[in-house]
Amino acid sequence: VQLQASGGGLEQAGGSLRLSCAASGRTFTNYDMGWFRQAPGKEREFVAVLTRSGTTAYYADSVKGRFTISRDNAKNTVYLQMNSLKPEDTAVYYCAADQSRSGWSKKTYDYDYWGQGTLVTVSS
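Predicted model only: the values in this text are computed from it and were never measured. (Residues numbered from 1 in each chain as written. Predicted model: local features only at pLDDT ≥ 70, side-chain atom pairs only at ≥ 80, totals over all residues. Heavy atoms only, no water.)

Novice: What am I meant to see in the overall build of the chain here?
Specialist: The helix and strand inventory of the chain stands at zero helices and eleven strands. Shown N-terminal to C-terminal, the secondary structure of the chain runs as helices and strands in the order β-β-β-β-β-β-β-β-β-β-β. Against the globule reference of 14 Å for 124 residues, the chain gives a C-alpha radius of gyration of 13 Å, in line with a compact fold. Dimensions of the chain along its principal axes, counting C-alpha atoms only, are 40 × 25 × 25 Å. Relative to its 124 residues, the chain shows a buried fraction of 42%. Within the chain, contacts between residues separated by at least 24 positions form 58% of all contacts whose residues are at least 6 apart in sequence. Looking at the chain as shown, the accessible area adds up to about 6200 Å², and 45% of this sits on carbon and sulfur atoms. Across the chain, the mean location of the 14 positive side-chain charges is 3 Å away from that of the 11 negative side-chain charges. (Helix = DSSP H or I, 4+ residues; strand = E, 2+ residues; numbered from the N terminus. Rg over C-alpha atoms; globule rule 2.2 N^0.38 Å. Buried < 20%, exposed > 50% of the residue type's maximum accessible area, 1.4 Å probe, protein only. Contact = heavy atoms within 4.5 Å. Areas by Shrake-Rupley, 256 points an atom, 1.4 Å probe, with all protein chains shown as cover. Lys, Arg positive; Asp, Glu negative; His and termini not counted. Charge placed at Lys NZ, Arg CZ, Asp CG, Glu CD.)

And the structure:
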């Protein structure tokens with residue numbers, strides 16, 4: 001599956017952005033979809049995941065209550081709504097697809113396909 005992330009940009013602290021990730025090539029509902037981010041000089045970290053059914057979502061503690069992951073299976077797209085942005089949210093955000101059926105994961109190595117990343121910059 002090919003993934004194309006978009007929606008990043010420059011936003012002030014307290015603002016909102018919505019990221020999108022469009023999938024093509026394979027059956028979208030075969031994948032749990034995750035969002036990860038990587039800040040300069042840091043390792044890529046888990047942000048959120050939504051199971052293939054779209055019924056269960058999990059979040060990193062750092063974004064819980066501020067970010068919401070959703071998916072539109074008819075459009076083969078997963079979204080990340082980011083509210084109350086903080087400067088520490090600044091990072092390149094990646095969407096990823098996990099085709100295994102062993103349960104949702106927050107580990108990068110469990111994901112089979114990755115998008116190219118979209119940069120989010122939050123100014124203070």
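Novice: Before we go on, may I ask you to explain the pattern of salt bridges in this structure?
Specialist: Two side chains bearing opposite charge may form a pair once their charged atoms approach each other closely. Considering all chains together, one arrives at five salt bridges under this definition. Close ionic contact of R37 with D89 constitutes a salt bridge, the shortest N to O distance being 2.9 Å. Taken together, the residues span a long stretch of sequence, with R37 in strand β4 (residues 32-38) and D89 in the loop between β8 (77-82) and β9 (91-98) at a distance of 52 residues. Across the pair, exposure class does not vary: R37 and D89 are buried alike. (Salt bridge = Lys/Arg side-chain N within 4 Å of Asp/Glu carboxyl O.)

Novice: Looking at this structure, I do not really get the packing of aromatic side chains. What am I missing?
Specialist: We describe a pair of aromatic rings using the distance from one ring centre to the other and the angle between the two ring planes. One pass over the full model with this rule turns up eight aromatic pairs. Taking 5.0 Å as the distance between ring centres and 80° as the angle between the ring planes, the aromatic pair formed by F36 and Y111 counts as edge-to-face. Within this pair, whereas F36 is found in strand β4, its partner Y111 is found in the loop between β9 and β10 (113-114), the two being separated by 75 residues in sequence. Given the relative accessible area of 6%, Y111 is considered buried. Through a chain of ring-to-ring contacts, three or more aromatic side chains come together here, namely F36, F46, Y58, Y94, W104, Y111 and W114. The ring centre of Y94 lies 3.7 Å from the NZ or CZ of R44, which sits over that ring. (Phe/Tyr/Trp six-rings, centres within 6.5 Å; stacked < 30°, edge-to-face > 60°. Lys NZ or Arg CZ within 6 Å of the ring centre and 35° of its normal.)

Novice: How should I be thinking about the nonpolar core in this particular structure?
Specialist: Grouped together as the largest cluster of nonpolar side chains are 34 residues, with contacts concentrated most on W35, L80, M82 and Y93. With near-sequence residues (within four places) excluded, M82 lies in contact with G15, S16, L17, L19, R66, F67, Y93 and V120. (Core = buried A, V, L, I, M, F, W, Y, C linked by side-chain atoms within 4.5 Å.)

Novice: What is the right way to read the sheet that holds strand β7 (residues 67-72) from this model?
Specialist: Note: strands within a sheet are paired through backbone hydrogen bonds, in either parallel or antiparallel orientation. Sheet architecture is open: four strands sit in the order β1-β3-β8-β7, paired in antiparallel fashion. Where the open sheet ends on each side, the last strands, each with one partner, are β1 (2-6) and β7. In this sheet, neighbouring strand axes are inclined to one another by 15° on average, regardless of whether the strands run parallel or antiparallel. Bridge count for β1 against strand β3 (residues 17-24) is five bridges, and the pairing is antiparallel. What sits directly across from Q2, in β3, is S24. (Pairing = 2+ DSSP bridges. Axes fitted to C-alpha atoms, helices over the stretch in contact; angles between N-to-C directions.)

Novice: Sorry if this is basic, but what is going on with the environment of T68 here?
Specialist: By the secondary structure assignment, T68 is in strand β7. T68 sits in the partly exposed class, given a relative accessible area of 42%. Separated by eleven residues in the primary sequence, T68 and Y79 have C-alpha atoms spaced 8.0 Å apart.

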